[in-house]
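The residues making up each chain are set out below.
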Amino acid sequence: MRDHPRLPTSPGFWRSPLRGPWFTSVLGLVLLAGITVLFLTGLVSYAAYNPDLSRVNDTTPDKGILGFYLFAWPTGPVWLYRFTQGVHVTLGITLIPVLLAKLWSVVPRLFTLPPARSLAHALERISLLLLVGGGLFEFTTGVLNVQLDYVFPGSFYPLHFYGAWVFFAAFVAHAVLKTPAAVRTVRRRLREEGDDLVAPDPGPPTVSRRGALWLVGGGSLLLFLTTVGQSLGGPFRRTALLAPHGGKDPGGGPNGFQINKTAAYAGIAAAETGEEAWRLVVTGRTGTVRLSRAQLLRLPLYSSSLPIACVEGWSTADQWWRGVRLRDLAALVGYDGDPPDVFVESLQRHGAFRRAALRSNQVADPRSLLALYVNGEPLSPDHGYPARIIVPAAPGVLNTKWVARLTFGDL
Ligand SMILES: Nc1nc2c(c(=O)[nH]1)N[C@H]1C(S)=C(S)[C@@H](COP(=O)(O)O)O[C@H]1N2
Ligand SMILES: [Mo]
């Protein structure tokens, strides 16, 4: 038996015969495609919050030029956010094994000595630090927000948003430098001897490189199959074993679909939502109107089939909502033509989601409702009784529950 070096800074320390440019290149090319899609769907998700409309929608201070691309989020197709955010979360979770395998495959390079041979080498290593650190940070904060939204304070958005830009900048630099060689390696199966990733003193193989790739792919497939059901819905929902709002049975009946925060969690007491106590306060150009639920029910009521799609990736099938059009409520307080933006406030006294701003295009859409009914029955307390907002194609967080006040006017 020979002695093997005991310090990870020595190349002989790393003995897995799996490491080499082919293995690293295949994983790298998968991540090149996957992380690009994650970045784009992430930017889109941020735009969907209408962060440039009001500080209420966005706690990211001084996003400055990073918000350059923001646009008015459309109201159709109604499944738009369901799709983009379903892809973002499902793909992110599916890529975890690939990311970990990729990091494992290049880990010897982390320990290379000397730390920098030249200025160029030093810059490259710093960019790798941003790449690895940024990648781990983005995947960790994303998973934490999906799995543990009750422990994650409102600061998730700025953290994940700034982190995404740092990570993606390092990612682009890395991709520009490495992609051509990775493509060549995968296409032509270059000889691997002499590459710094190849163990100079390999241990006996326990699995082939292809076998190892199948393992990584199998792990990804398993994560995919236990996550995607929360977005697909229907019979697949029960397969979403890993998704906090997926497998759990939300109960039957018309109100039997996923609940994010319950009335009890939001601190909504039955006494404040009863017919006697509750009034909707609508303010606009011509003053303020107070409406009881009975008065609202005498206004023209309309129906819309719309899903709820949460930033956490889960979504519901279309539910059949019935209520008063937001644009009709705008007309009540002096906006007969094109309606303006609206600021929505809930009875809820604490928590980041108790208020939201909606853009004029969302108010104007005839499918946007102050809903009083869902699937033919009054809203349940947990789904926002006596009244909630429902807007097509918007992130769930804009669909404020237990609405108390609507203030129309350009924000
Ligand atoms: N007042 C209030 N409204 C709210 C929330 C909240 O915490 N408080 N959560 C929002 C979020 S993040 C989502 S995804 C939807 C979920 O609606 P549901 O619980 O009826 O499915 O409600 C939104 N409306
Ligand atoms: Mo949400």
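As the structure is a computational prediction, the values presented were derived from the model and not from experiment.

**Points about the pattern of salt bridges**
Piece 1. In this structure the tally under the stated criterion is six salt bridges.
Piece 2. Linking Glu 272 and Arg 349 is a salt bridge whose minimum nitrogen-to-oxygen distance equals 3.2 Å. Remark: Arg 349 occurs in the loop between β5 (342–346) and β6 (355–358) and Glu 272 occurs in helix α9 (residues 270–273); sequence separation between them is 77 residues.
Piece 3. Looking at Arg 349, the relative accessible area reads 49%, which means it is partly exposed.

**Concerning the environment of Thr 206**
Piece 1. Tracing the backbone shows Thr 206 in the loop between α5 (156–188) and α6 (209–225).
Piece 2. On the basis of relative accessibility, which here comes to 80%, the residue Thr 206 falls in the exposed class.
Piece 3. As for Thr 206 and Pro 17, which are separated by 189 residues in sequence, their C-alpha atoms are 8.8 Å apart.

**Observations concerning the side chain of Ser 45**
Piece 1. On the secondary structure map, Ser 45 appears in helix α1 (residues 21–48).
Piece 2. In terms of polar contacts, Ser 45 uses its side chain to reach the side chain of Tyr 81, at 2.8 Å.
Piece 3. A polar side-chain atom of Ser 45 sits 3.2 Å from a polar atom in the side chain of Gln 85.

**Observations regarding the site of ligand 1**
Piece 1. In the vicinity of ligand 1 there are 18 residues, among which Gln 258, Gln 348, His 383, Arg 388 and Lys 401 approach most closely.
Piece 2. Here a nitrogen atom of ligand 1 sits 3.2 Å away from a polar atom, N or O, in the side chain of Ser 346.
Piece 3. His 383 places a side-chain nitrogen or oxygen 2.6 Å from an oxygen atom of ligand 1.
Piece 4. In isolation ligand 1 offers 530 Å² of accessible surface; the protein chains occlude 99% of this area.
Piece 5. Of the residues assigned to the shell around ligand 1, the class counts are seven nonpolar, eight polar and three charged.

**Comments concerning unusual backbone geometry**
Piece 1. The linkage connecting Leu 113 with the following residue, Pro 114, adopts the cis geometry, with an omega of -5 degrees.
Piece 2. Tracing the backbone through its elements, the reader meets Pro 114 in the loop between α3 (96–110) and α4 (119–147).
Piece 3. Residue Tyr 385 is joined to Pro 386 through a cis peptide bond whose omega torsion reads 10 degrees.
Piece 4. As for its position among the elements, Pro 386 is in the loop between β8 (377–378) and β9 (388–390).
Piece 5. With a phi close to 55 degrees, Asn 50 is a non-glycine residue in the positive phi region.
Piece 6. With respect to the helices, strands and loops of the structure, Asn 50 is situated in the loop between α1 and α2 (80–94).
Piece 7. According to the relative accessible area criterion, Asn 50 is buried, its value standing at 0%.
Piece 8. The backbone of Trp 402 sits at a positive phi, close to 55 degrees, despite the residue not being glycine.

**Notes on the nonpolar core**
Piece 1. Judged by nonpolar contacts, the single largest core of 55 residues is most densely connected at Trp 321, Leu 406 and Phe 408.
Piece 2. Tallying contributions element by element places strand β7 (residues 369–374) first for this core, with five residues.
Piece 3. Excluding residues within four positions of it along the chain, Phe 408 makes contact with Val 282, Thr 283, Gly 284, Leu 326, Leu 329, Ala 330, Val 333, Tyr 335, Pro 340, Asp 341, Val 342 and Val 363.
Piece 4. Judged by nonpolar contacts, the second largest core, of 29 residues, contains Leu 27, Ala 47, Ala 164 and Phe 171.

**Thoughts on the packing of aromatic side chains**
Note on aromatic pairs: each is described by the distance of the centres and the angle between the planes.
Piece 1. According to the stated counting rule, one finds 17 aromatic pairs in the structure shown.
Piece 2. For the ring pair Phe 161 and Tyr 162, a centre distance of 6.1 Å and an interplane angle of 55 degrees mean the geometry is tilted.
Piece 3. Phe 161 gets classed as buried once you look at its relative accessible area, which sits at 6%.
Piece 4. Members of the aromatic cluster, each reached through a chain of ring pairs, are Phe 39, Phe 68, Tyr 69, Trp 165, Phe 167, Phe 168 and Phe 171.
Piece 5. Of note, Arg 19 hangs over the ring of Trp 104, and the distance from its end group to the ring centre comes to 4.0 Å.
Piece 6. One Lys or Arg, Arg 325, reaches over the ring of Tyr 302 and ends 3.5 Å from the middle of that ring.

**A look at the packing of α1 against α3**
Piece 1. One way to put it is that α1 packs onto α3 with a least axis distance of 9 Å and a crossing angle of 145 degrees. For the element pair α1 and α3, the recorded crossing hand is left-handed. Facing Phe 23, Thr 24, Leu 27, Gly 28, Val 30 and Leu 31 of α1, the residues of α3 in contact are Val 98, Leu 99, Ala 101, Lys 102, Trp 104, Ser 105 and Val 106.
Piece 2. Taken together, the residues of the contact of α1 with α3 break down into nine nonpolar, three polar and one charged.

**Some thoughts on the domain arrangement of the protein chain**
Piece 1. Looking at the assigned domains, one finds that the protein chain contains domain 1 (11–239) and domain 2 (263–408).
Piece 2. Distance between the C-alpha centres of domain 1 and domain 2: 37 Å.
Piece 3. Taken together, the contact pairs 31 residues of domain 1 with 30 residues of domain 2.
Piece 4. Summed over both sides, the interface of domain 1 with domain 2 buries roughly 2,600 Å², with 56% coming from carbon and sulfur.
Piece 5. A per-residue breakdown of the area domain 1 buries against domain 2 is headed by Thr 75, Val 78 and Arg 82, which together make up 25% of the total.
Piece 6. Joining domain 1 to domain 2, the criterion identifies one salt bridge.
Piece 7. In this structure, Arg 359 engages Asp 52 in a salt bridge whose closest nitrogen and oxygen atoms are separated by 3.1 Å.

The rules we used
Residue positions are counted from 1 within each chain, in the order its sequence is given. Lettering for chains starts from A, numbering for ligands starts from 1, and both go in the order in which the items are written. Given that this is a predicted model, residues contribute local features only at a pLDDT of at least 70 and side-chain atom pairs are listed and counted only at 80 or more, while totals for whole chains, interfaces and linings are drawn from all residues. Computation of side-chain values: all heavy atoms of the structure, hydrogens and water removed. In the sections that follow, a salt bridge refers to a side-chain nitrogen of Lys or Arg positioned within 4 Å of a carboxyl oxygen of Asp or Glu. Counting from the N terminus, the helices are the DSSP runs of H or I reaching at least four residues and the strands are the DSSP runs of E reaching at least two. Three labels apply to residues, based on accessible area from a 1.4 Å probe with only protein chains included: buried if under 20% of the type maximum, exposed if over 50%, partly exposed otherwise in between. Definition of a polar contact: a pair of N or O atoms within 3.5 Å, with one able to donate and the other able to accept a hydrogen when the atoms are protein atoms, and with sequence-neighbouring residues admitted only if both atoms are side-chain atoms. The nearness test applies per residue and asks whether one of its heavy atoms lies within 4 Å of the molecule or strand. The accessible surface values rely on the Shrake-Rupley method and a 1.4 Å probe; as for residues, cover is taken only from the protein chains in view. Residues were grouped as follows: Ala, Val, Leu, Ile, Met, Phe, Trp, Tyr, Cys and Pro as nonpolar; Asp, Glu, Lys and Arg as charged; and all remaining residues, including Gly, as polar. By nonpolar core we mean a set of buried residues, namely Ala, Val, Leu, Ile, Met, Phe, Trp, Tyr and Cys, connected to one another through side-chain atoms within 4.5 Å. For this analysis, residues touch if any pair of their heavy atoms sits within 4.5 Å. For Phe, Tyr and Trp, rings pair up if their centres lie within 6.5 Å, where Trp contributes its six-membered ring, and each pair is then called stacked (planes under 30 degrees apart), edge-to-face (over 60) or tilted (otherwise). To sit over a ring, a charge needs its Lys NZ or Arg CZ within 6 Å of the ring centre and within 35 degrees of the ring normal. Only the stretch in contact is used when a helix axis is fitted, and all axes are lines through C-alpha atoms; the angle between N-to-C directions ranges over 0 to 180 degrees. By definition, turning the near helix anticlockwise from the far helix through less than a right angle yields a left-handed crossing, and turning it clockwise yields a right-handed one. Segmentation into domains, and thus their bounds, comes from an automatic or database assignment. Once two parts are put together, the accessible area they lose, assessed with a 1.4 Å probe and summed over both, is termed the buried area.

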